[in-house]
Amino acid sequence: MHHFNYKNNELHCEQVPVSRIADEVGTPVYIYSRETLERHFRIFQEPFLGVEHLICFSMKACSNLTVLRIFSDLGGGVDIVSGGELFRALKAGVEPSRIVYSGVGKKAAEIDEALAADILLFNVESEEELFLLNGRALAQGKRARIALRVNPDVDPLTHPYISTGLKKNKFGIDVERSLHLYREAAQMDGIEPVGVDCHIGSQLTELSPFLDAVSRLKELIRRLRGMDIQIRYLDIGGGLGIPYEDEQPPPPAEYGAAVLEAVSDLHVTLILEPGRVLVGNAGVLVTRVLFRKPGPNKEFVIVDAAMNDLIRPSLYKAHHAVWRVSRGNGGAALKRRIIADVVGPICETGDYLAQARNMDEVVPGDLLALMSAGAYGFSMSSNYNSRPRAAEVLVDGDRFYVIRKRETYEDLVRGEEIPAAVLRP
Ligand code: LLP
């Protein structure tokens, strides 16, 4: 459930008309609902309230400082995957003791920064990373708490680009191999093995892959305890899907109950790394129609947002519902339906936000909302075609705030210079 609804045929985010934000801030603009963000966090957390747990928002999904702060004020931590994300999380005020660090390619400098901040846990993904981390920790006179990210080899039944827990994927360490590595880790002075971690993929719409993964991790934890390696944390990653079109992912309550049942006898602190499920339906991308262009079989609706603003349709063939911000059109509702590709100004055939979409007729100047764009929307945006990145706005009740300014042309060239030596006399 989210707080984007029509009142008198005008799309509102909470109490604010979306058109007012577009008029004042311009388009394209990402709009997030605070009420929805908080509601999603609470609903996700609810099943776990009776057990030791930590919800580490996977901030790659939406890394705006204000969004991070909202979750952190509710007691959440973050799952980071880079030094840049660590920087953002600390700047937003996230407690280091609630930060876990995942990712296959951590650099020494990034590891140093995370050690200096004294984060909760490194999710280590390879033997070489473990050795590097040990060395860096010793150099700082510290012991790094680690979990090994194991690859449970289960099929998450999702898009191949976002499935991560199969043997053929680059992520994690084979379960049998991990036993050997845990033994080595336990001997290292700079390493304290305290957890087991996995993340099997994203946009999962079934429970069974999660439960299969957890049961493999349970078995591993038993074996590790048998080796006198005391595992205190079980991190089961993120991955719970959301409805974009007609998917029916399990509701968070069902997911939580099933996970809890599976781990009840383990006596560990459970770490969860939800990304999409917390922010996906809490954000929309609003864009203005520039032109219409008829084609032989369908027409093109050319808008001012493009694949640089929202790459999910081009990259994953992802579906985002397209809603008209104003359904009334000044009282004279347009009745005609059209089949259209909603496309941006970028010079690529792959630059579309919706394809062959059966939608209400629109005219230049109309506003459209690309729904469920809160996760992996702005955070995957780029400056391709030298397009300044969109503004981000947070709605809170009947007020709204710009939480990231629209980029300027000057922002586009920041850091660039033409060296005098390349100038021809
Ligand atoms: N933990 C780890 C280690 C991850 O790699 C991810 C996502 C998550 C947690 C959060 O997964 P979520 O709860 O959001 O499913 N750009 C793609 C999604 C890539 C997901 C990458 N990893 C998309 O737009 O669909």
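Structural data are supplied above this passage.
Residues numbered from 1 in each chain as written. Predicted model: local features only at pLDDT ≥ 70, side-chain atom pairs only at ≥ 80, totals over all residues. Heavy atoms only, no water.

1. Looking at unusual backbone geometry
- Following Thr27, the chain continues to Pro28 via a peptide bond in cis, the omega torsion being -5°.
- Relative to the helices and strands, Pro28 resides in the loop between α1 (18-25) and β4 (29-33).
- At Glu14, a residue that is not glycine, the phi angle is positive and equals roughly 50°.
- Even without being glycine, Ala356 reaches a positive phi, approximately 45°.
- Structurally, Ala356 can be placed in strand β18 (residues 352-360). (Helix = DSSP H or I, 4+ residues; strand = E, 2+ residues; numbered from the N terminus.)

2. Overview of the layout of surface pockets
- Counted as a void, the second largest pocket has a volume near 340 Å³.
- If you go around the second largest pocket, you meet 18 residues; those closest to its centre are Met1, His40, Pro243, Pro252 and Val277.
- Mapped by element, the contributors of at least two residues to the lining of the second largest pocket are α2 (34-45), α9 (252-263) and α10 (276-279).
- Among the elements that make up the lining of the second largest pocket, the one with the highest residue count is α2 (four residues).
- Counted by class, the lining of the second largest pocket contains 13 nonpolar, four polar and one charged residues. (1 Å grid on protein atoms, 1.4 Å probe; cavity = no way out; pocket = protein on both sides within 12 Å on 5 of 7 lines; lining within 4 Å. Points joined across faces, edges and corners; volume = space filled by probe spheres on them. Nonpolar A, V, L, I, M, F, W, Y, C, P; charged D, E, K, R; others polar.)

3. Quick notes on empty space enclosed by the protein
- In this structure the tally under the stated criterion is one cavity of 30 Å³ or more.
- Estimated volume of the largest cavity: approximately 40 Å³.
- Lining the largest cavity are Cys198, Ile200, Phe210, Ala213, Val214 and Ile236.
- A breakdown of the residues in the lining of the largest cavity according to their chemical character gives six nonpolar, no polar and no charged.

4. A word on the nonpolar core
- In terms of nonpolar packing, the biggest core is built from 102 residues, with Phe57, Phe122, Ile146, Val196, Leu234, Tyr255 and Val279 touching the most fellow members.
- Among the elements that line this core, the one with the most residues is helix α8 (residues 208-226), at seven residues.
- Counting contributing residues, this core receives three or more from each of domain 1 (4-31 + 280-413) and domain 2 (34-279).
- What Ile146 contacts, discounting residues up to four positions off in sequence, is Leu121, Phe122, Val124, Leu130, Leu133, Ala185, Ile191, Glu192, Pro193, Val194 and Gly195.
- Core analysis: the second largest hydrophobic core is formed by 21 residues, Ile31, Val325, Met371 and Ala391 among them. (Core = buried A, V, L, I, M, F, W, Y, C linked by side-chain atoms within 4.5 Å. Buried < 20%, exposed > 50% of the residue type's maximum accessible area, 1.4 Å probe, protein only. Domains from an automatic or database assignment. Contact = heavy atoms within 4.5 Å.)

5. Here's the deal with the pairing of strand β13 (residues 269-272)
- Alternating positions in β13 separate into two faces, Thr269 and Ile271 on one and Leu270 and Leu272 on the other, with burial throughout.
- Summarising the sheet, strand β5 (residues 53-58) and β13 pair through three bridges and their orientation is parallel. In the sheet register, Ile55 faces β13, and the bridge partner there is Leu272.
- In this sheet, β13 lies alongside strand β12 (residues 233-235) in parallel orientation, the contact comprising three bridges. (Pairing = 2+ DSSP bridges.)

6. Some remarks on helix α3 (residues 65-73)
- Every buried residue belonging to α3 is among Val67, Leu68, Ile70, Phe71 and Ser72, and all of these are buried.
- Once α3 finishes, Gly75 follows within two positions and takes phi at roughly 100°, a positive value.

7. Concerning the site of the ligand
- Taken together, 19 residues form the shell around the ligand, and within it Ser202, Glu273, Arg312, Tyr316 and Tyr376 come nearest.
- The side chain of Ser202 places a nitrogen or oxygen atom 2.4 Å from an oxygen atom of the ligand.
- One of the backbone nitrogen or oxygen atoms of Gly275 is found 2.9 Å away from an oxygen atom of the ligand.
- For the ligand, the accessible surface in isolation is 590 Å², of which the surrounding protein chains cover 91%.
- Here the residues of the shell around the ligand are counted per class, giving five nonpolar, eight polar and six charged.
- Two domains share the shell around the ligand, each providing at least three of its residues, namely domain 1 (4-31 + 280-413) and domain 2 (34-279). (Near = heavy atom within 4 Å. Polar contact = N/O pair within 3.5 Å; in protein donor to acceptor, adjacent residues only side chain to side chain. Areas by Shrake-Rupley, 256 points an atom, 1.4 Å probe, with all protein chains shown as cover.)

8. Description of the side chain of Ser372
- Among the structural elements, Ser372 can be located in the loop between β19 (367-370) and β20 (391-396).
- Its relative accessible area of 10% is what places Ser372 among the buried residues.
- There is a polar contact of 2.7 Å between the side chain of Ser372 and the side chain of Asn281.
- In contact with Ser372, not counting residues within four places along its chain, are Ile242, Pro243, Tyr244, Gly280, Asn281, Gly283, Val284 and His320.

9. Looking at a nonpolar patch on the surface
- Together, Ile418, Val422 and Leu423 line one region of the surface with nonpolar side chains, adding up to about 320 Å² of accessible area.
- Tracing the chain through its elements places Leu423 in the segment after α12 (409-413).
- The exposure class assigned to Leu423 is exposed, which follows from its relative accessible area of 53%. (Patch = residues over 30% accessible without salt bridge, like charges linked within 9 Å, V, L, I, M, F, W, Y side chains within 5 Å. Salt bridge = Lys/Arg side-chain N within 4 Å of Asp/Glu carboxyl O.)

10. Here's the deal with the sheet that holds strand β2 (residues 10-13)
- Strand order in the open sheet formed by three strands is β1-β2-β3, and the pairing between neighbours is antiparallel. A single partner strand is all that each edge strand has here, and the edge strands are β1 (4-7) and β3 (16-17).
- Taken together, the four bridges between β1 and β2 define a ladder with antiparallel strand orientation. Bridged to Phe4 within β2 is Cys13.

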